[in-house]
Amino acid sequence: MDTSVYLHALTALFVIIDPIGAALIFNSLTGDCDKKHRTVMAVKAVLISGVTLILFGNYGEALFGQLGININSLRISGGLLLFYTAFNMVTKATGIMSASKSDDISVYPMSIPMISGPGTLTLSILLFSHTTELTGKLAVSSAIISILALTLVCMLVSKYLKKIIGRTGDEILKRFFGIILAALAIQFIYDGIKNIGF
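A brief structural summary. Once a new chain begins, its residue numbering starts again from 1 and follows that chain's sequence as written. Totals for whole chains, interfaces and linings use all residues, but because this is a predicted model, local features are given only for residues with pLDDT of at least 70 and pairs of side-chain atoms are given and counted only at 80 or more. Side-chain measures here rest on the full set of heavy atoms in the structure, leaving out hydrogens and waters.

Observations concerning the packing of helix H1 (residues 3–17) against helix H6 (residues 118–129)
Keep this limit in mind: Comment: axis = line fitted to C-alpha atoms, over the contacting stretch for helices; angle = value between 0 and 180 degrees taken between N-to-C directions. Here a strand is any run of E in DSSP of at least two residues, a helix any run of H or I of at least four, and the numbering for each starts at the N terminus. Any angle that is under 35 degrees is reported as roughly parallel, and any over 145 degrees as roughly antiparallel; angles of 65 to 115 degrees are reported as roughly perpendicular and all others as oblique. Whether two residues are in contact is decided by their heavy atoms, any of which lying within 4.5 Å being enough. Residues were grouped as follows: Ala, Val, Leu, Ile, Met, Phe, Trp, Tyr, Cys and Pro as nonpolar; Asp, Glu, Lys and Arg as charged; and all remaining residues, including Gly, as polar.
Taken N-terminus to C-terminus, the directions of H1 and H6 make an angle of 170°; their axes are 10 Å apart at the nearest point. Judged on the interaxial angle alone, H6 and H1 are roughly antiparallel. Within the contact between the two elements, H1 uses His8, Ala9, Ala12, Leu13, Ile16 and Ile17 and H6 uses Gly119, Thr120, Leu123 and Leu127. Residue composition of the contact of H1 with H6, by class: seven nonpolar, three polar and no charged.

Re the nonpolar core
The tendency in soluble globular proteins is for nonpolar side chains to be buried side by side. As a reminder, the rule being used: In these notes, a set of buried Ala, Val, Leu, Ile, Met, Phe, Trp, Tyr and Cys residues joined through side-chain atoms within 4.5 Å is what counts as a nonpolar core. Residue burial is assigned from relative accessible area. The probe radius is 1.4 Å, only protein chains are included, and a residue is buried under 20% of its type maximum, exposed over 50%, and partly exposed in between.
Judged by nonpolar contacts, the single largest core of 49 residues is most densely connected at Leu13, Ile17, Leu82, Met110, Leu123, Met155 and Leu181. Every element with two or more residues in this core is listed here: H1, helix H2 (19–30), helix H3 (35–66), helix H4 (71–91), helix H5 (106–115), H6, helix H7 (134–156) and helix H8 (158–195). A total of eight residues in this core trace back to one element, the largest contributor, which is H7. Those residues within four positions of methionine 110 in sequence are excluded, and the remaining contacts are Ala22, Phe26, Leu29, Ala45, Ile105, Ile115 and Met155.

Section: the side chain of serine 116
Looking at where serine 116 falls in the secondary structure, it is placed in the loop between H5 and H6. Those residues within four positions of serine 116 in sequence are excluded, and the remaining contacts are Ser49, Thr52, Leu53, Ser111 and Leu121.

Side note on the environment of aspartate 2
Defined as follows: Definition of a polar contact: a pair of N or O atoms within 3.5 Å, with one able to donate and the other able to accept a hydrogen when the atoms are protein atoms, and with sequence-neighbouring residues admitted only if both atoms are side-chain atoms.
With respect to the element layout, aspartate 2 can be found in the segment before H1. A relative accessible area of 28% means that aspartate 2 is categorised as partly exposed. Between the C-alpha atoms of aspartate 2 and alanine 139, which are 137 residues apart in sequence, the distance is 5.8 Å. A polar atom in the side chain of aspartate 2 sits 3.3 Å from the backbone nitrogen of valine 5.

So, the state of the cysteines
Stated formally: Only a pair of cysteine sulfur atoms within 2.5 Å counts as a disulfide in this structure description.
Under the defined criterion, the tally for this structure stands at zero disulfides. The thiol of cysteine 33 is unpaired, and the distance to the nearest cysteine sulfur, on cysteine 154, comes to 19 Å. The class for cysteine 33 is buried, based on a relative accessible area of 8%.

Digging into the packing of H4 against H6
Worth spelling out the cut-off: Definitions for this section: a left-handed crossing has its near helix turned counterclockwise from the far helix by less than a right angle. A right-handed crossing has that turn clockwise.
Between H4 and H6, whose axes approach to 9 Å, the crossing angle comes to 140°. Between H4 and H6 the crossing geometry is left-handed. Contacts between H4 and H6 involve Ile71, Leu74, Arg75, Gly78, Leu81, Leu82 and Thr85 from the former and Pro118, Gly119, Thr122, Leu123, Ile125, Leu126 and Ser129 from the latter. When its residues are assigned to classes, the contact of H4 with H6 shows eight nonpolar, five polar and one charged.

Describing unusual backbone geometry
Residue proline 109 is bonded to the preceding tyrosine 108 through a cis peptide linkage, with omega at 5°. Mapped onto the elements of the fold, proline 109 is located in helix H5. Located in the positive-phi region is aspartate 18, a residue other than glycine, with phi close to 50°. By secondary structure assignment, the location of aspartate 18 is in the loop between H1 and H2. Given a relative accessible area of 3%, aspartate 18 falls into the buried group.

A few points about the pattern of salt bridges
Note the threshold: A pairing counts as a salt bridge when a side-chain nitrogen of Lys or Arg comes within 4 Å of a carboxyl oxygen of Asp or Glu.
Following the criterion strictly, the structure yields one salt bridge and no others. Close ionic contact of lysine 44 with aspartate 104 constitutes a salt bridge, the shortest N to O distance being 2.8 Å. In this pair, lysine 44 sits in helix H3 while aspartate 104 sits in the loop between H4 and H5, placing the two residues 60 residues apart along the sequence.

And the structure:
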């Protein structure tokens, strides 16, 4: 496995998925639910997100190729989308939703758009497209699994996490991660512009 690719993908995915922020929102949605329901929702959300990100990351580029979309165009548009996501992370207030005890929140809103939203799907394609070797693809897949495993743990202990970090701490982290994601988005745009003529 390519360690440098793994670490790069791990950092980028950690920033955009934000396991702590996702866990706090998960807690706000399932705070009144019993432990079994919370566990089922967390596991389902992570499994759906994992399958979506790995499949879309591996085959999304081929799909766009069939549509006649150049990967460098995707890097530019993906970078712009990631920048928009980063801008919202830095400037917008965290929205807290509510759900009833029986609601299935695993697909919406936890998996899509929280964990595997448009920005994360785009990032997944970009990460897989940067490497053609099997070791690189394994590294990106491992990074996705690692971050989703961390997200699952955070969701399962979200009640305790809420007490430790609080809403203010989550706001600070979200802004900080937004700045890092903005820099990553600009790098994707730069790479796309630099290579689009080749």
